[in-house]
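# What the coordinates show
Residue-level listing of the chains:
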Amino acid sequence: DIIFQFPESTLNTDPIMIKFRSLGLVDVDLPIEIWPGAAYALDVSIPSTFEGLAARNGLPSATFTPIARSTAPFVVNVVDRAGNKLTNLDTSSRAITVSVTGSTADVDGTLTASTSAGTVVFQNFYFTAPSRQTHTIKFATAGLVSYELPVKVVEGAAFSLKHVGTIETVTTYVAADV
């Protein structure tokens with residue numbers, strides 16, 4: 001018996017070639033294709049320009065603090081236990097929801113979308129006036145392990161000034177010899 005452990009699918013690559021050799025015999029090549037396993041979890045591709053990651057500058061708090069935009073969408077994929085994307089092998093239409101864990105902020109925009117071929121794209125959701133701290137965005141669907149993304153929010157620019165009070169000022173001028 002021979003046991004091989006191949007954790008990644010070869011569905012989108014060339015098959016794995018196993019070569020059998022024995023002195024005096026002709027070599028034999030055995031191509032093996034490995035297909036993804038059953039749906040297990042969600043995985044998210046984060047845009048390279050996303051500043052809300054802990055190692056980056058953070059998102060400035062504002063009335064509407066964009067997270068996903070049409071120019072920088074978040075792509076959610078259904079994956080197997082080894083992290084292989086199921087793509088068109090996943091024929092289920094799964095409702096994926098976006099929320100904030102722990103009620104630390106409000107999130108609005110397009111918060112639910114259905115997968116097609118194991119993938120869904122979110123390109124319009126945002127915090128509404130979030131506080132300065134790390135909030136956790138959760139991508140979830142029934143029956144699969146969810147994906148949680150910590151999003152750092154930093155202090156934003158002031159958007160209004162409040163008049164607190166006026167102090168009366170008296171100025172006196174005195175003539176001086178020049």
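Before reading on, note that the structure itself is shown above.
Notes on the structure follow.

Conventions adopted
- Residues numbered from 1 in each chain as written.
- Predicted model: local features only at pLDDT ≥ 70, side-chain atom pairs only at ≥ 80, totals over all residues.
- Heavy atoms only, no water.
- Helix = DSSP H or I, 4+ residues; strand = E, 2+ residues; numbered from the N terminus.
- Buried < 20%, exposed > 50% of the residue type's maximum accessible area, 1.4 Å probe, protein only.
- Contact = heavy atoms within 4.5 Å.
- Areas by Shrake-Rupley, 256 points an atom, 1.4 Å probe, with all protein chains shown as cover.
- Pairing = 2+ DSSP bridges.
- Axes fitted to C-alpha atoms, helices over the stretch in contact; angles between N-to-C directions.

Moving on: the overall build of the protein. When you go through the protein residue by residue, the secondary structure sums to zero helices and 13 strands. Order of helices (α) and strands (β) in the protein, N terminus to C terminus: β-β-β-β-β-β-β-β-β-β-β-β-β. Reported as C-alpha extents along the three principal axes, the dimensions of the protein are approximately 120 × 45 × 25 Å. Counting over 178 residues, the protein shows a buried share of 29%. For the protein, the proportion of contacts with a sequence separation of at least 24, taken over those separated by at least 6, is 58%. Summed over all atoms, the accessible surface of the protein reaches about 12100 Å², with 54% contributed by carbon and sulfur.

Even without being a glycine, Ser103 presents a positive backbone phi close to 50°. With respect to the helices, strands and loops of the structure, Ser103 is situated in the loop between strand S7 (95-100) and strand S8 (106-109). What makes Ser103 exposed here is its relative accessible area of 69%. Despite not being glycine, Ala129 shows a phi value in the positive range, around 50°. Accessibility expressed as a relative area gives 55% for Ala129, which makes it exposed.

With that settled, consider the sheet that holds strand S3 (residues 41-45). Backbone hydrogen bonds hold the strands of a sheet together, and the pairing may be parallel or antiparallel. Spatially, S3-S6-S10 is the arrangement adopted by the three strands of the open sheet, whose pairing is antiparallel. Of all the strands in the sheet, just S3 and strand S10 (119-122) have a single pairing partner and so form its edges. Strand-to-strand, the axes of this sheet are offset by a mean angle of 25°, without reference to chain direction. Alignment of S3 against strand S6 (residues 74-79), held across five bridges, turns out to be antiparallel. When the bridges of S6 are listed, Leu42 appears paired with Val78.

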